[in-house]
Amino acid sequence: MKAIKTTRPARSIPAARLARLRATATAQKEAAAAAWEVAAQAREDARQQLLAPTPEFEAAPRLTMLPGGLHWSGQGHVPPVGATVTVSREGHPEPAQVKAYCHAAGFLGLVVEAQQPVKRARRPAGPRAGCVFGSQLALVA
């Protein structure tokens, strides 16, 4: 009697599909590694906040370096570092770039640098220089 084949020969995957599968797997591994690094940095920032909290009006390059529970007084989302925002100072809107974050009295603020500084009466630059809060951002129509 003849034996019945219970298995079939393996089919080969086309080279283009195999390359695509490998590229997808590599991208997923890199994304997972990057997410792990971000989470590890956030954990380290939280630990540092317990040991030495960030003082008010001091610039912090990441939101995770600030204490938790801060309130954003602006409309919409908190702009990321490097974004261009319109700041309303003394009734005049001016474009500025977000350089870092700060906090004061439970509110989240932005440390900004004006792109085209407007000449004003000179005041001494204190610790609040460059700090704006969400309510000071001009509404863009």
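Throughout this description, residue numbers start from 1 for each chain and increase along the sequence as written. Confidence filtering applies because this is a predicted model: local features only for residues at pLDDT of at least 70, side-chain atom pairs given and counted only at 80 or more, and all residues used for totals across whole chains, interfaces and linings. Hydrogens and water molecules were not included; the side-chain quantities draw on all heavy atoms of the structure.

Digging into the nonpolar core
Definition used in this section: a nonpolar core is a set of buried Ala, Val, Leu, Ile, Met, Phe, Trp, Tyr and Cys residues joined via side-chain atoms within 4.5 Å. Here's how the labels work: a residue is buried when its accessible area is under 20% of the maximum for its type, exposed when over 50%, partly exposed in between, all with a 1.4 Å probe on protein chains only. In this structure, Val85, Val87, Leu110, Val112, Val132 and Leu137 are the most contacted members of the largest nonpolar core, which totals 13 residues. Working definition: helices are DSSP H or I runs of at least four residues, strands are E runs of at least two. Numbering for both runs from the N terminus. Those elements that place two or more of their residues in this core are strand E1 (84-89), strand E2 (92-104) and strand E3 (107-114). Not counting residues up to four positions away in its chain, the partners in contact with Leu110 are Trp72, Val78, Pro79, Val98, Ala100, Tyr101, Cys102, Gly130, Cys131, Val132 and Leu137. Grouped together as the second largest cluster of nonpolar side chains are seven residues, Ala104, Val111, Cys131 and Phe133 included. Whether two residues touch is decided by their heavy atoms; if any such pair falls within 4.5 Å, the residues are in contact.

Digging into the pattern of salt bridges
Salt bridge, as used here: a side-chain nitrogen of Lys or Arg that lies within 4 Å of a carboxyl oxygen of Asp or Glu. As enumerated under the stated definition, the model contains two salt bridges in all. When the shortest N-O distance is used, the salt bridge between Arg47 and Glu44 registers 3.1 Å. Residue Arg47 and its partner Glu44 are located together in helix H1 (residues 15-51), separated by three residues, close to a single helical turn. Residue classification places Glu44 among the partly exposed positions, given a relative accessible area of 32%.

Points about the pairing of E2
Each regular strand displays side chains that alternate between the two surfaces of the sheet. As paired elements, E1 and E2 share six bridges and run antiparallel to each other. Each residue of the ladder has a partner; that of Ser88, found in E2, is Pro93. Paired strands, in this sense, are two strands between which DSSP finds at least two bridges. Here E2 runs beside E3; their pairing, made up of eight bridges, is antiparallel. Paired with Tyr101 across the two strands is Leu110, which belongs to E3. What sits between E2 and E3 in their antiparallel hairpin is a turn of two residues, with Ala105 showing a positive phi close to 55°.

What about the pairing of E3?
Bridge analysis of E3 against strand E4 (residues 131-133) gives three bridges, and the strand direction is antiparallel. When the sheet's bridge partners are listed, Leu110 is paired in E4 with Val132.

Thoughts on the confidence of the model for the protein chain
For the protein chain, the mean per-residue pLDDT works out to 86, and 89% of the residues sit at or above 70. pLDDT: the predictor's confidence for each residue, scored from 0 to 100. For the protein chain, the element scoring lowest by mean pLDDT is E1, at 87; H1 scores highest, at 93.

Quick look at the packing of aromatic side chains
Think of it this way: a Phe, Tyr or Trp ring, Trp meaning its six-membered ring, pairs with another when their centres are within 6.5 Å, and the plane angle makes it stacked under 30 degrees, edge-to-face over 60, tilted otherwise. The full count for this structure, using the stated rule, is one aromatic pair. Judged by centre distance (6.4 Å) and plane angle (80°), the rings of Phe57 and Phe133 are edge-to-face. Here Phe57 is found in the loop between H1 and E1, whereas its partner Phe133 is found in strand E4, with 76 residues between them in sequence. Classification of Phe57 by relative accessible area gives buried; the value is 18%.

Overview of a positive patch on the surface
On the surface, Arg8, Arg11, Arg17 and Arg20 cluster together to form a positively charged patch. Its place among the elements puts Arg17 in helix H1. On the accessibility criterion, Arg17 (45% relative accessible area) is partly exposed. Like-charged residues within 9 Å of one another, or nonpolar side chains (Val, Leu, Ile, Met, Phe, Trp, Tyr) within 5 Å, are grouped into patches, provided each residue has over 30% relative accessible area and no salt bridge. Note on areas: Shrake-Rupley with a 1.4 Å probe; residue coverage comes only from the protein chains shown. Residues scored as positive are Lys and Arg, those scored as negative are Asp and Glu, and His as well as the terminal groups of each chain are ignored. Where a charge lies is defined by one atom per residue type, namely NZ (Lys), CZ (Arg), CG (Asp) and CD (Glu).

Side note on unusual backbone geometry
A positive phi is found at Phe57, a non-glycine position, where the angle reads about 65°. Backbone geometry at Ala105 places phi at a positive 55°, although glycine is not the residue there. Mapped onto the secondary structure, Ala105 falls in the loop between E2 and E3.

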